[in-house]
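The lines below spell out each chain.
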Amino acid sequence: MLKIDSVEKGIVIDHIKAGLGMEIYNYLNLDKLDCSVALIKNVKSKKLGKKDIIKVENVIDIDLKVLGFIDPNITINIIENDRIVDKIKLELPEEVINVVKCKNPRCITSIEQEIEQRFKLVDKDNGIYRCIYCDQAYENNK
Amino acid sequence: MLKGKHLIDPMDLSLEQLDQIFNLADDIIKNPKDYMEVCKGKILATLFYEPSTRTRLSFESAMHRLGGSVVGFSSAGSSSAAKGESVADTVKTIACYADICAMRHPKEGAPKVASLKSDIPVINAGDGGHQHPTQTLTDLLTIRSLKGRLNDFTIGLCGDLKFGRTVHSLIKALSRYSNIKFILISPEELKIPDYIKEEVLIKKDIQFKEVERIEEVIGELDILYMTRVQRERFFNEEDYVRLKDSYILDKKKLKNAKQDMIVLHPLPRVNEISVEIDDDPRACYFKQVKYGMFVRMALIMKLLGVEK
């Protein structure tokens with residue numbers, strides 16, 4: 001198996017559904033970071049069969065809320081001095097901005113590309129978000 | 001306090017705020033002279049990206065009757081939208097000229113976009129098939145004025161209940177008042193969407209029933225709210241022919257209605273209310289138009305924070 005060194009200090013984003021790793025890499029703008037970042041795809045997993053993992057070295061200050069929207073089953077470990085010092089439990093964020101696009105062809109965002117794509121959580125139990133402009137529902141059951 | 005707020009969705013207003021608007025509208029109706037100059041020096045901008053003569057004239061008359069002035073455009077072609085200007089830029093510009101604006105737009109959510117960028121109150125004057133809050137205010141003021149209350153009645157909603165946004169908004173708005181029974185009268189193809197039933201009627205344990213024919217229930221109603229049934233909404237011609245007469249209100253059907261029932265319609269009508277009943281005292285749809293102007297007068301005053 002491909003070997004990637006363990007992280008001394010940083011973040012490990014684990015249990016990413018196989019195939020979603022690159023998407024998360026992009027959402028978190030990890031390409032803009034100057035430090036070591038590893039995206040490992042299709043790692044064998046007892047829980048998922050296959051999974052993706054992202055390791056970010058040194059940087060801890062990343063807004064990870066959006067991950068709850070993409071896949072709440074993802075686990076996040078904060079590492080310091082080679083040890084897990086914190087495990088972040090993901091929740092559905094109250095609002096997501098520029099993550100998904102409104103699919104309603106009658107929505108104002110369909111003709112004005114500059115407008116921020118904003119969705120508000122309206123039903124926590126069923127993971128339903130609505131476009132703040134036209135109220136089109138987005139079911140987050142990926 | 002309503003001063004400086006926007007009105008995008010009818011549910012943006014609390015029952016208390018609605019009462020403030022309706023109480024002011026009542027006083028304007030009683031003493032119109034007292035309000036002739038309250039908006040002197042104020043400007044309303046009517047930003048109509050699609051034509052809607054009725055709504056635009058209602059807003060403009062409202063502002064004129066308050067002593068204010070009006071600027072604006074009545075179609076996208078005659079605005080800078082034709083040059084590709086965004087809604088946000090248009091409203092920021094207009095906010096430099098006017099004190100309040102009313103926006104009609106074919107795209108859903110356009111007034112919401114405007115409200116996020118505007119320093120002046122934005123009133124949604126209809127955004128596609130989405131919301132039309134001043135129609136809902138009109139309907140509520142009409143019912144309150146003619147029936148004397150906004151609770152304890154049976155209302156029949158008839159016609160296109162699937163696509164009719166006025167009906168959806170009215171159901172949501174009335175669901176906040178007590179002891180209202182809804183009778184939903186429509187062909188199978190145009191029944192009220194499930195989400196309105198589940199998220200509003202069933203969730204709030206409100207009494208309702210669905211029927212196909214107006215004749216079955218007209219005797220039970222205190223209010224009959226008619227809407228247009230459009231031929232193109234039907235899947236087949238056979239159903240249209242079978243059902244179309246059931247959705248035309250005429251003298252014969254009105255015979256079985258209560259003497260104090262009121263008939264409302266958001267207008268324009270095509271043929272769903274026969275002109276033969278226009279003179280019946282129960283036909284209140286033109287009174288409703290007038291209440292529409294009064295409620296817009298009250299709304300403009302409240303959002304501007306002006307008093308008599």
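Residue positions are given per chain, counted from 1 along the sequence in the order it is written. All chains are assigned letters beginning at A, and all ligands numbers beginning at 1, according to the order in which they are written. Per-residue local features are limited, in this predicted model, to residues with pLDDT of at least 70; the limit for side-chain atom pairs, both in listing and counting, is 80 or more; totals at the level of whole chains, interfaces and linings are taken over all residues. Excluding hydrogens and water, the side-chain figures rest on all heavy atoms present in the structure.

K.L.:
Go over the sheet that holds strand 6 (residues 95-97) of chain A, please, and point to the residues and values.
P.N.:
Residues and elements named next belong to chain A. Pairing in this open sheet of four strands is antiparallel, and the strands run 6-7-8-9 from one edge to the other. Strands with a single pairing partner mark the edges of an open sheet, and in this sheet they are strand 6 and strand 9 (137-139). Neighbour to neighbour, the strand axes of the sheet diverge by 30 degrees on average, direction disregarded. Both strand 8 (residues 128-131) and strand 9 contribute to a ladder of three bridges, which runs antiparallel. Should DSSP find at least two bridges between two strands, the strands are taken to pair. Every helix listed is a DSSP run of H or I at least four residues long, and every strand listed is a run of E at least two residues long, numbered separately from the N terminus. The angle between two axes is taken between their N-to-C directions and runs from 0 to 180 degrees, where each axis is a line fitted to C-alpha atoms and a helix contributes only its stretch in contact.

K.L.:
Which residues make up the domain arrangement of chain A, and what values go with them?
P.N.:
Accessible area lost upon the coming together of the parts serves often as the stated size of an interface. By domain assignment, chain A separates into domain 1 (10-88) and domain 2 (95-139). Just so you know, the domain bounds were taken from an automatic or database domain assignment. One C-alpha centre belongs to domain 1 of chain A, the other to domain 2 of chain A; they are set 25 Å apart.

K.L.:
With reference to specific residues and values, describe the nonpolar core.
P.N.:
One finds Phe22(B), Ile155(B), Leu157(B), Ile171(B), Leu174(B), Phe182(B) and Ile300(B) to be the most contacted residues of the largest nonpolar core, which totals 62 residues. If you tally residues by element for this core, the top one is helix 10 (residues 285-304) of chain B, at 11 residues. Of the domains in this structure, domain 1 (10-131 + 292-304) and domain 2 (134-277) of chain B are the two that each give at least three residues to this core. Residue contacts are defined here by distance: any two heavy atoms, one from each residue, within 4.5 Å place the two residues in contact. Those residues in contact with Ile300(B), other than ones at most four positions away along the chain, are Cys39(B), Leu44(B), Phe59(B), Ala62(B), Met63(B), Leu66(B), Ile100(B) and Ile123(B). Within the second largest apolar cluster, 53 residues are counted, among which are Tyr25(A), Ile78(A), Phe119(A) and Ile120(B). Here, nonpolar core means buried Ala, Val, Leu, Ile, Met, Phe, Trp, Tyr and Cys residues that are tied together by side-chain atoms lying within 4.5 Å of each other. Here the term buried applies to any residue with accessible area under 20% of the maximum for its type, exposed to any over 50%, and partly exposed to those in between, with areas from a 1.4 Å probe on protein chains only.

K.L.:
An account of the pairing of strand 7 (residues 118-123) of chain A is needed here, citing residue identities and associated values.
P.N.:
Residues and elements named next belong to chain A. The pairing of strand 6 with strand 7 spans three bridges and is antiparallel. Looking across to strand 7, one finds that Glu95 is bridged to Lys120. Note that strand 7 and strand 8 share four bridges and pair antiparallel. Bridging from a neighbouring strand, Phe119 pairs with Cys131 of strand 8. A loop of four residues connects strand 7 with strand 8, the two strands running antiparallel in sequence, and Gly127 in this loop sits at a positive phi of about 60 degrees.

K.L.:
With reference to specific residues and values, describe the pattern of salt bridges.
P.N.:
For salt bridges, the criterion is a side-chain nitrogen of Lys or Arg within 4 Å of an Asp or Glu carboxyl oxygen. Within this structure, the stated rule accounts for 18 salt bridges over all chains. The closest approach of N and O atoms between Arg130(A) and Glu199(B), which form a salt bridge, is 3.7 Å. Here Arg130(A) is found in strand 8, whereas its partner Glu199(B) is found in helix 7 (residues 194-202) on a different chain. Two residues, Arg104(B) and Glu50(B), come together in a salt bridge whose shortest N-O distance is 3.7 Å. Pair noted here: Arg104(B) is in strand 3 (residues 100-105) and Glu50(B) is in the loop between strand 1 (43-48) and helix 2 (53-65), with a separation of 54 residues, a long-range link. Residue Glu50(B) is classed as partly exposed on the basis of its relative accessible area, which comes to 23%. Residues joined in a network through salt bridges with shared partners are Asp19(B), Asp26(B) and Arg144(B).

K.L.:
Could you give an account of the side chain of Glu272(B), naming the residues involved and the relevant values?
P.N.:
Residues and elements named next belong to chain B. Relative to the elements of secondary structure, Glu272 occurs in the loop between strand 9 (262-264) and helix 10. Positive charges are assigned to Lys and Arg, negative charges to Asp and Glu, while His and the chain termini are left out of the count. Buried and unpaired, Glu272 has no salt bridge, with Arg228 as the nearest side chain of opposite charge at 4.4 Å. A distance of 2.7 Å separates the side chain of Glu272 from the side chain of His265, its partner in a polar contact. Ignoring anything within four residues of it in the chain, the contact list for Glu272 reads Met226, Thr227, Arg228, Tyr247, Ile248, Leu249 and His265. Polar contacts, as counted here, are pairs of nitrogen or oxygen atoms within 3.5 Å of one another; within protein the pair requires one atom able to donate a hydrogen and one able to accept it, and residues that are adjacent in sequence qualify only if both atoms are side-chain atoms.

K.L.:
Describe the domain arrangement of chain B, with residues and values.
P.N.:
Residues and elements named next belong to chain B. One can read the domain layout of chain B as domain 1 (10-131 + 292-304) and domain 2 (134-277). A straight line from the C-alpha centre of domain 1 to that of domain 2 covers 27 Å. Contact with domain 1, which involves 27 residues of that partner, is made by 19 residues of domain 2. At the boundary of domain 1 with domain 2, total buried surface from both sides reaches about 1900 Å², with 59% on carbon and sulfur atoms. Across the domain 1-domain 2 interface, the total number found is two salt bridges. Asp19 is the partner of Arg144 in a salt bridge, and the nearest nitrogen-oxygen pair spans 3.4 Å. For the pair domain 1 and domain 2, the interface holds seven residue pairs in polar contact (both at pLDDT 80 or more). When residues of the side of domain 1 that touches domain 2 are traced back to their parent elements, those giving at least two are helix 1 (15-30), helix 2, strand 4 (122-127) and helix 10. Only Asp, Glu, Lys and Arg are considered charged, only Ala, Val, Leu, Ile, Met, Phe, Trp, Tyr, Cys and Pro nonpolar, and every remaining residue, Gly among them, polar. Counted by class, the side of domain 1 that touches domain 2 contains 12 nonpolar, nine polar and six charged residues. Accessible-area loss on putting two parts together, using a 1.4 Å probe and summing over both, is the definition of buried area adopted here.

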